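In case you want the letters, here they are:
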Amino acid sequence: MFRIRSDAAKPFTTVWISHLLVEIYLLMHPALVPVFRNEFSLSIFEAGLLISVPNLCRLVIVIPTGVLADRFGSRPFIILSMLISGLSAILLSQSTTVSILLVSLSLIMISVTLYHPPGLSVLSNLFPNQAERSRAIGLHGASGCIGQSLGAISLGLLMAQIGWRSCYLIFSVPLLAWAVGLAKIRIPQLTKQTKPSERSPGQREEAQTSTSRKPLITLGFLLLLSSMGLNALANNGVLAFMTTYLTSAENLSVEAASVIFGIGPLIGIIGSIAAGHLSARLGDRRSLALFYFGQVVFLIGLITIPYVPLATLSFFMYELFLAAIWTPSTSLVTSLMGKTRGGTAYSLFYFSGDALGAVSPLIAAVLISNLGIFSPFIFAIVLLMTSALLVRLIKLN
């Protein structure tokens, strides 16, 4: 059993809770695509824009967030992410036009971006050992899965009683309360704790040596970025229209599809934790390729098995492997780039996924309009197989 060191327990718990809260809204609006289409009279392409435009907004801030987190520490960005998420949810709950809806969803996605590079930078500083870091990142990923499931399942269970707007409003309370609480909690971060002027000569020499040994971009890091970019291109389109698929191809109600969609990340908790232990044993590179292959197998099962319970099981297994990939891929960033520029490295890591992931729902919408509901899944399968090949080409020193 993995135990968090006593000196790391408080900052780890802080980012763990923050990750859970900031991910609550992440899957709610993809689950609501059928509802948005009906309520705002949207075409399938316009519905795709509700997913793509917020993701494009993330691109504007992801790299500056990481660079500034390296300079000023993670704490202010994590607090800001909680504030923006809570306030945006309140605005979204009052939306009466597509414009307000789009702005609110974009701000929510920006809040998620404000958290991730600084939050993961904290973990890379707390856990320099690869095996320990993989397990910690697995637990951290599990918190995000809990948050995603909490939002999507609550939506499915409560939407018929209180409406989707109230579901957003309810979760704004803990987000804003946690933002206030974070103002009193210190998060140890290398660039915050030991600025260059405060380090000993030995520490300064070690930091300079660590930075000089690794260029900003290495071939291995480029391969990882390409792999994760294709992963986002594959999965963002599939997930954006998953409830649409479940309601049209599997003939489920919107509420039932939302509950199934929300249970998926809950299954991902197992995937995240198991991925941490498996990556510690097999290594990050080998585990990541294995998890890509698992996604391919169960995506094929999802669209080929005609029996709804077995197709649902395939979706859950797909979600398990989807959650699992983040543990080894995130740990690989530190292995390839070092921890002294963690915020910058993680910003580039997320930028690659956000850039391709932003256009993925639009590509999926075009594919559905011209080739049918199954086409984004076939497209995703090809991309995920390519991602697995790219990972196998990464060389670690």
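Just so we're clear, the structure is a prediction, and the values are computed from it rather than from any experiment. (Residues numbered from 1 in each chain as written. Predicted model: local features only at pLDDT ≥ 70, side-chain atom pairs only at ≥ 80, totals over all residues. Heavy atoms only, no water.)

Observations regarding unusual backbone geometry
One non-glycine residue, Ser41, adopts positive backbone phi at about 55°. Structurally, Ser41 can be placed in the loop between helix H3 (33-39) and helix H4 (44-72). Looking at Ser41, the relative accessible area reads 61%, which means it is exposed. One non-glycine residue, Asn251, adopts positive backbone phi at about 60°. Inspection of the secondary structure assignment puts Asn251 in the loop between helix H12 (242-248) and helix H13 (254-282). Exposure remark for Asn251: the relative accessible area of 64% places this residue in the exposed category. (Helix = DSSP H or I, 4+ residues; strand = E, 2+ residues; numbered from the N terminus. Buried < 20%, exposed > 50% of the residue type's maximum accessible area, 1.4 Å probe, protein only.)

Topic: the packing of aromatic side chains
Scanning the entire structure with this criterion turns up 16 aromatic pairs. Taken together, a centroid distance of 6.3 Å and an interplanar angle of 50° make the contact between Phe291 and Phe321 tilted. Separated by 30 residues along the polypeptide, Phe291 in helix H14 (residues 284-304) and Phe321 in helix H15 (residues 308-324) bring together distant segments of the chain. Per residue, the accessibility class of Phe291 equals that of Phe321, and both read buried. Each ring, one from Phe349 and one from Tyr350, has its centre 5.4 Å from the other, and the planes form 85°; the classification is edge-to-face. Across the pair, Tyr350 and Phe349 agree in class, each one buried. Counting every residue linked through ring pairs, the aromatic cluster contains Tyr25, Phe36, Phe40, Trp164 and Tyr168. (Phe/Tyr/Trp six-rings, centres within 6.5 Å; stacked < 30°, edge-to-face > 60°.)

Re the pattern of salt bridges
Across all of its chains, the model carries two salt bridges by this definition. When the shortest N-O distance is used, the salt bridge between Arg165 and Glu39 registers 2.6 Å. Of this pair, Arg165 sits in helix H8 (residues 164-182) while Glu39 sits in helix H3, placing them 126 residues apart in sequence. Given a relative accessible area of 24%, Arg165 falls into the partly exposed group. Between Arg58 and Asp354 there is a salt bridge, with the nearest N and O atoms lying 3.6 Å from each other. Pair noted here: Arg58 is in helix H4 and Asp354 is in helix H17 (residues 342-371), with a separation of 296 residues, a long-range link. Residue Arg58 is classed as buried on the basis of its relative accessible area of 10%. Accessibility expressed as a relative area gives 8% for Asp354, which makes it buried. (Salt bridge = Lys/Arg side-chain N within 4 Å of Asp/Glu carboxyl O.)

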